[in-house]
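Here is how the chains run, residue by residue.
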Amino acid sequence: MRNAVKIGERVWLRPLELADARAIALAGHVETERVSRRVPTSVIAFERWVRGFATDGAPDAIAFAVCWHGDDTCIGTVRLGQIDWVNRTAETGSGLLSAEDRGRGIGTEAKHLLLEYAFVDLGLHALNAMVYEGNTRSAAALEKQGYRLAGRLTADVQRDGAFRDTLVFDLTREDWERARERRRSSHSDIP
Amino acid sequence: MIESGLGREMELYHGGRHIGSSGVREIGMSETGAWPVAGYLQDGRYGLRAPVPEDADYVTTWHEEPFPMTLEAARDLLIQQETIPWGNNPAIRLMIVDLVTDAVVGGAIVERDDNRVSKLVITVGGPDPTGEAAQRVRAAVLRLLVPWVMGELSLMTTVIDVPADETILIDAAKDLGMVEAVRLREHILRPSGRVDLLMLELVNRQWGRSDA
């Protein structure tokens, strides 16, 4: 596990590398689900995106590659964006590249590693996340991770010719600590 | 035509000081600034205008981030963000001018997405940028921006983020018909503790209707 930042039971996180741009761009071409708007995007664009995370100072966004144990291939990403170092808040995001990996708890495990990084390593105080109201799987996953519905932005996105709301969730450090305790008590093998 | 309008305004400008045809400074013109405020975005006390590179000198009042910025970086920011003319830039940055003192006292940004939804950011500098005086300026600017954004820019929704303890600004937003759409718990850090961050929203329910 080269350059591992967080290690879970089945997956681990590492910083994104330029070489990951190819896997991410390819996934955008073979995506089978319509969870979000699909747009074929170039490797060039994703390389630029990955380069944007390299900074000497405090960044306003951080992204990690999600990898299976025993492999360093990027199977998805977990991200912190809009990092506010004064108020110690950020927006979270995550996604698995292949539909086959979704629904198996991998995304949730990777997300828990990201939350630990955000609250423990960075000392952030509160996080937020946004999902399109039709994305019931992501909304349910957020609630399972301890997030609470904070409200909705009316007609924020357009899908299939209709305006849809964006659901906004928040998660305080206290929420996360409670959710982590619940997970630990139900899974005695979680450290 | 916009060009001829600007031409007339430029004629009225002389040596950085605006002198109207009557020799009296007209409302909405800045004496020390390099450009007039827009006649349709001023209330007699505060006005909004497009930025000029010289506004870099006042970056501490208009820049939305609390981190320091050099004059060169501020000038580059003002120049580089102006990528599309004719008001079609997705993000419209404006300077807030105090029409009594002619000073640039803050900045506003209208961020547009798909020419349909928008977000407003209003910043006021000074020793206490979240205090009552600054809130009153931001409230005045909000009253200028919201009717313009919804009416003249024809946007469907607009949102502004406001800390829950900034009651003057919240009251102004509610007077304009904005409602609390989202409450992010403990997202703002104050010396006295944490407060929630509200996302106040206004939706034009008539948007897109042919009979509107």
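Preceding this section is the structure that the text describes.
Report on the accompanying structure. Remember, it's a predicted structure, so these values are computed and weren't measured experimentally. The numbering scheme is per chain: residues are counted from 1 as the chain's sequence reads. To read the labels, note that chains go from A and ligands from 1, taken in the order they are written. Where local features are concerned, this predicted model is filtered to residues with pLDDT of at least 70; where side-chain atom pairs are given and counted, the filter is 80 or more; whole-chain, interface and lining totals use all residues.

## Some points on the overall build of chain A
Thought 1: A run of H or I in DSSP becomes a helix once it reaches four residues, and a run of E becomes a strand once it reaches two; helices and strands are each numbered from the N terminus. A count of helical and extended segments in chain A gives 5 helices and 8 strands.
Thought 2: For chain A, the α and β elements follow one another from N to C terminus as β-β-α-α-β-β-β-α-β-α-β-β-α.
Thought 3: Taking 191 residues into account, the globule formula puts the C-alpha radius of gyration at 16 Å, and chain A, at 16 Å, falls close to it.
Thought 4: Dimensions along the principal axes, computed over C-alpha positions, put chain A at roughly 40 × 40 × 35 Å.
Thought 5: It is the C-beta atoms, placed from the backbone, that decide contacts: two residues are in contact if theirs lie within 7 Å. Of all intrachain contacts in chain A linking residues separated by at least 6 positions in sequence, the fraction that spans at least 24 positions is 53%. The globule rule used for comparison is 2.2 Å times the number of residues to the exponent 0.38, while the radius of gyration itself is calculated over C-alpha atoms.

## Looking at the packing of helix α4 (residues 132-152) of chain B against helix α5 (residues 167-175) of chain B
All names here are of chain B.
Thought 1: Comment: axis = line fitted to C-alpha atoms, over the contacting stretch for helices; angle = value between 0 and 180 degrees taken between N-to-C directions. The interhelical angle for the contact between α4 and α5, taken along N-to-C directions, is 15 degrees, at an axis separation of 8 Å. When the interaxial angle is binned, α4 and α5 end up roughly parallel. Note that α4 runs across α5; the crossing there is right-handed. Contacts from Glu132, Gln135, Arg136, Arg138, Ala139, Leu142 and Arg143 in α4 reach Ile168, Leu169, Ala172 and Ala173 in α5.
Thought 2: Considered class by class, the residues forming the contact of α4 with α5 number 6 nonpolar, 1 polar and 4 charged. The scheme is simple: roughly parallel for angles under 35 degrees, roughly antiparallel for over 145, roughly perpendicular for 65 to 115, oblique for anything else. Crossings are assigned a handedness: left-handed for a near helix turned anticlockwise from the far helix by less than a right angle, right-handed for a clockwise turn. Under the scheme applied here, ten amino acids are nonpolar (Ala, Val, Leu, Ile, Met, Phe, Trp, Tyr, Cys and Pro), four are charged (Asp, Glu, Lys and Arg), and all others, including Gly, are polar.

## Examining helix α3 (residues 106-121) of chain A
The periodicity of an α-helix, 3.6 residues per turn, causes residues three or four positions apart to be oriented the same way.
All names here are of chain A.
Thought 1: Expected helix span is given by 1.5 Å per residue-to-residue step, counting one fewer step than there are residues. Between its first and last C-alpha atoms α3 spans 22 Å; for 16 residues at 1.5 Å apiece the expected length is 22 Å, and the two agree.
Thought 2: Within α3 the residues assigned to the buried category are Gly107, Ala110, Lys111, His112, Leu113, Leu114, Leu115, Ala118 and Phe119.
Thought 3: Directly after α3, the chain includes glycine 123, whose backbone phi takes a positive value near 70 degrees. With C-beta atoms placed from the backbone, a residue is buried if 20 or more other C-beta atoms are within 10 Å of its own, exposed if 12 or fewer are, and partly exposed between those counts.

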